[in-house]
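Breakdown of the fold
These are the residues of each chain, in order.
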Amino acid sequence: GGMDDLMAHIYQAELNRVRFLIRAYYRTRLFKIEKYAVHVVKPETNEFAKLSPPEQKYATDYVNMLEEHFGSVLGQMPEKYSSMLQQIEEDDAEMDMVPEPNLDKHVFCRVREDRRDVMFDPNDPDNTMDLDQGDIIMVRYRFIKGLLEDGALDLI
């Protein structure tokens, strides 16, 4: 009857909403992988291990494609200008042209487990905070990276 049609319409609308959210999530994730691809695949970072196997393949293929593309142009340049990763000439200089995520950006997180006297800012050790399960907080990513890795927080 009419009620069944209404419920089917509501379920379909909810299904479409969830599909939209998942697609938006994946678009954002792929955008970030592309933006920071070289940083993610650098052996000195452990970011690569955080990606799923298909994301690892995508990031690796993307970096290889960039190197191939820019290599054809940069190969024609004088040697000191031929690196896609480094603009400083010193041998021990960091890869200064590799974009890295801004760890000082603020993020929203949900607390998964109670924590007492959490110190967010190492420059201000007297400023601590109690985190209760279910709390939602906004804080700089740099300060909660360890708590995320421990599973005490979830990004939202």
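Preceding this section is the structure that the text describes.
This report concerns the structure included in the present document. Treat the numbers as computed from the prediction; the structure is a model and nothing was measured.

Examining the pairing of strand 1 (residues 106-111)
Judged by which residues are buried, strand 1 turns out to be one-sided: Val107, Cys109 and Val111 face inward and are buried, whereas His106, Phe108 and Arg110, on the alternate face, are not. Alignment of strand 1 against strand 4 (residues 136-140), held across 5 bridges, turns out to be antiparallel. Directly across from Phe108, in strand 4, lies its bridge partner Met138. Bridge count for strand 1 against strand 5 (residues 153-155) is 3 bridges, and the pairing is antiparallel. Bridging across to strand 5, Arg110 finds its partner in Asp154.

Quick look at the nonpolar core
The tendency in soluble globular proteins is for nonpolar side chains to be buried as a group. Grouped together as the largest cluster of nonpolar side chains are 15 residues, with contacts concentrated most on Cys109, Phe120, Leu131, Val139, Ile144, Leu147 and Leu153. Put simply, the parts of the chain that give this core at least two residues each are strand 1, strand 4 and helix 4 (141-150). The biggest single contributor to this core is helix 4, with 5 residues. Every residue in contact with Val139, bar those within four places of it in the chain, is listed here: Lys105, His106, Val107, Cys109, Phe120 and Ile144.

Some details on the sheet that holds strand 4
Sheet architecture is open: 3 strands sit in the order 4-1-5, paired in antiparallel fashion. Strands at the two margins of the open sheet, each flanked by one partner only, are strand 4 and strand 5. Taken pair by pair, the neighbouring strands of this sheet meet at an average axis angle of 40°, ignoring direction.

Calculation criteria
Residues numbered from 1 in each chain as written. Predicted model: local features only at pLDDT ≥ 70, side-chain atom pairs only at ≥ 80, totals over all residues. Heavy atoms only, no water. Buried < 20%, exposed > 50% of the residue type's maximum accessible area, 1.4 Å probe, protein only. Helix = DSSP H or I, 4+ residues; strand = E, 2+ residues; numbered from the N terminus. Pairing = 2+ DSSP bridges. Core = buried A, V, L, I, M, F, W, Y, C linked by side-chain atoms within 4.5 Å. Contact = heavy atoms within 4.5 Å. Axes fitted to C-alpha atoms, helices over the stretch in contact; angles between N-to-C directions.

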